[in-house]
Structure formats: C-alpha cells, structure tokens
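Overview (structure and organization)
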Amino acid sequence: MADGARVICRSDELDEAGQGVRFEVEFRGERASAFVVRYEGHPHAYLNRCSHVAMELDWQPGAFFDLERRDLICSTHGAAYSASSGKCRGGPCAGRPLIKLAVEDRDGFIVLKETSNG
Ligand code: FES
C-alpha cells in the first residue's frame, strides 16, 4: 500500500468476539507475534505478549477471548485485558496493559496502519 499500511486479513475473517488472527510485526527491531480481534464491531490489535511475563496469550492459536467473550485472557496465569483498549482488567497484569497496534477496516480488509517501534 502506498501509505506503508499492511493488509493483515480480510475483514470477514474476524467475527465479533471470535477467533483472532495472528500475524507478525517488527517491534523495537525484532520480529514479534501480534494478533487482531473484532470487538464491538471494530478491529483491535495488540502485541501477543502478556504484560505479566512476556508469554503469548492464546491458549490455542487465535483463541484470545474468555468464555464470556468479553475480555482477552492470558492462557498462562489468567490475566484479563479489555478487548477494546488492552487495559488490564484483573489478575497478574496488575495494571499493566497490552501494547496496542493501530489497525482499521479498510475496503474489506483489516489493515495495520503503522507499527510502533516505541
Ligand atoms: S504470563 Fe500472562 S498472566 Fe502470567
């Protein structure tokens, strides 16, 4: 894409509070696992890295939501994160959020707008 954005997947691959799509990004000079889910109608993407210990969250590839399909849950020790903001909602994350990535729905695709190298 001309603006440096990158297609992650088709928009219709993301069901509301359903299976996420994993992808890789460059973050602080290294390849890192990331994922995108749909929640409240919008795509939300994060590094796939728990703020408690740097473990991937999904308990099976692409499975990020808790049983109520409300929060993102870390499969290792159960930290819960807001699906829309990445803020810690309880458990071992102890107030530390996920690292959010900028994505949008564009012309039928989920597009990564930029990768934070912060
Ligand atoms: S590594 Fe995620 S809760 Fe501990």
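Structure first, text after, so check above.
Residues numbered from 1 in each chain as written. Predicted model: local features only at pLDDT ≥ 70, side-chain atom pairs only at ≥ 80, totals over all residues. Heavy atoms only, no water.

Turning our eyes to something else, we now look at the pattern of salt bridges. All told, the structure shown has ten salt bridges when counted by the stated rule. Across the pair D58 and R22 runs a salt bridge whose closest N-O atoms are separated by 2.8 Å. Here D58, found in the loop between β4 (42–47) and β5 (71–73), pairs with R22, found in strand β2 (residues 21–27); they are 36 residues apart in sequence, far enough to count as distant. A relative accessible area of 11% means that D58 is categorised as buried. A salt bridge links R31 to E24, with the nearest nitrogen and oxygen atoms 3.4 Å apart. (Salt bridge = Lys/Arg side-chain N within 4 Å of Asp/Glu carboxyl O. Helix = DSSP H or I, 4+ residues; strand = E, 2+ residues; numbered from the N terminus. Buried < 20%, exposed > 50% of the residue type's maximum accessible area, 1.4 Å probe, protein only.)

In total, this model carries one disulfide according to the counting rule given. The disulfide that involves C88 links it to C93, with 2.1 Å between the sulfurs. Where C88 bonds to C93 through sulfur, the torsion about that S-S bond is close to 75°, and the disulfide is right-handed. C93 carries the same exposure label as C88, and that label is buried. (Disulfide = S-S within 2.5 Å.)

All right, on to the side chain of S82 then. With respect to the helices and strands, S82 occurs in strand β6 (residues 80–82). Take S82: its relative accessible area is 9%, and that puts it in the buried class. Of note is the side chain of S82, whose polar atom sits 3.2 Å from the side chain of S84. (Polar contact = N/O pair within 3.5 Å; in protein donor to acceptor, adjacent residues only side chain to side chain.)

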